[in-house]
Amino acid sequence: MLFETGFLGTGAPLYLDVITLYFGILPFILAGSILFAIRKQYALHYRSQIAIFIITVVMVLLFEIGMRIDGGFMTYMEEGVMSMALFSIFLAVHIAVAVISVILWTIVLYTSFREYKAGVDMVEFARTHKRKSRLLFGGLTFTSVTGVLIYLILFVW
Ligand code: HEM
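Residues numbered from 1 in each chain as written. Predicted model: local features only at pLDDT ≥ 70, side-chain atom pairs only at ≥ 80, totals over all residues.

1. A few points about the environment of Met1
This is how it is decided: The secondary structure listing takes helices from DSSP runs of H or I that are at least 4 residues long and strands from runs of E that are at least 2 residues long, numbered from the N terminus. Counting other C-beta atoms within 10 Å of a residue's own tells you its class, since 20 or more makes it buried, 12 or fewer makes it exposed, and anything in between is partly exposed; those C-beta atoms are placed from the backbone.
As for its position among the elements, Met1 is in the segment before helix 1 (14-38). Met1 gets classed as exposed once you count the C-beta atoms within 10 Å, which come to 6. In this structure the C-alpha to C-alpha distance between Met1 and Leu14, which are 13 residues apart in sequence, comes to 7.6 Å.

Shown next, in the form of structure tokens:
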């Protein structure tokens, strides 16, 4: 079922359609959660962050398991819009930023939640939290955009 042709009409398997769509909207979902913080709705902000993190981890697992069963990305790669060498570099940059972002996300989520619940000094918390989180938002958005581009390169262009 997951490996049957998906609903986007590109010929890609269903699981890749679902995951790509999710990563296409992830930056907007994250921005919505950040908007809660800007509006000082902190409980909504951290609860939505935890939920988004869990859903994203499930998506990444689905992707990793799907790819292993499916035989890897290179199964789909045909020299076309991009040479194999350039595509491999693009893929490596995407994977590197993705891995760093997910590690940073885990750390920021855990430490922020613990510090917030412990009632630390909010001025100091806000200063360091905003700095790390903006960087993290940038990394996650870059990962999402490059992920969608990889899908487009493999199945559309
Ligand atoms: C679950 C743990 C988290 C808690 C408890 C938490 C809590 C907070 C709080 C209290 C603020 C307001 C700081 C202030 O201006 O006084 C804030 C702001 C912010 N948070 Fe979080 N947060 C969490 C996770 C995250 C994560 C994982 C991200 C990144 C994706 C994030 C992104 C942001 C951003 C960008 C702001 C600044 C918004 C602005 O410009 O005013 N937060 N957070």
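Having put the structure on the table, let's press on.
2. Concerning the nonpolar core
For clarity, the cut-off: The term nonpolar core refers to a group of buried residues, namely Ala, Val, Leu, Ile, Met, Phe, Trp, Tyr and Cys, whose C-beta atoms join them within 7 Å.
Counting 11 residues, the largest nonpolar core consists of Tyr15, Leu16, Ile19, Phe23, Leu26, Leu30, Trp105, Leu140, Ile150, Tyr151 and Leu154. Residue assignment for this core shows that the elements contributing at least two residues are helix 1 and helix 4 (122-155). When residues of this core are assigned to their parent elements, the largest contribution, 6 residues, is made by helix 1.

3. Considerations on the packing of helix 1 against helix 2 (residues 42-70)
As a reminder of what qualifies: Axis definition: a line fit to C-alpha positions, over the contact stretch in the case of helices; interaxial angles, taken between N-to-C directions, run 0 to 180 degrees. Oblique is the label for every angle not falling under 35 degrees (roughly parallel), over 145 degrees (roughly antiparallel), or within 65 to 115 degrees (roughly perpendicular). Should the near helix be turned anticlockwise from the far one by less than a right angle, the crossing is termed left-handed; should it be turned clockwise, right-handed. Each residue gets a C-beta atom placed from its backbone, and two residues are in contact if those atoms lie within 7 Å. Just so you know the grouping, Ala, Val, Leu, Ile, Met, Phe, Trp, Tyr, Cys and Pro go in nonpolar, Asp, Glu, Lys and Arg go in charged, and all remaining residues, Gly too, go in polar.
Direction vectors running N to C along helix 1 and helix 2 enclose 165°, while the axes themselves pass 10 Å from each other. Here helix 1 lies roughly antiparallel to helix 2, going by the angle between them. With respect to the hand of their crossing, helix 1 and helix 2 are arranged in left-handed fashion. Across the interface between the two elements, Tyr15, Ile19, Tyr22, Leu26, Ile29, Leu30, Ser33, Phe36 and Ala37 from helix 1 touch Tyr42, Leu44, His45, Ser48, Gln49, Ile52, Thr56, Met59, Leu62, Phe63 and Gly66 from helix 2. Class assignment for the residues of the contact of helix 1 with helix 2 results in 14 nonpolar, 6 polar and no charged.

4. Overview of the site of the ligand
Let me state the cut-off plainly: Working rule for contacts: place C-beta from the backbone, and if it is within 6 Å of a molecule or strand, that residue counts as near it.
By nearness alone, 23 residues border the ligand, and Ala37, Ser112, Tyr116, Ala126 and Ser133 come closest of all. When contributions to the shell around the ligand are tallied by element, the ones reaching two or more residues are helix 1, helix 2, helix 3 (84-118) and helix 4. Within the shell around the ligand, the residues separate by chemical class into 16 nonpolar, 5 polar and 2 charged.

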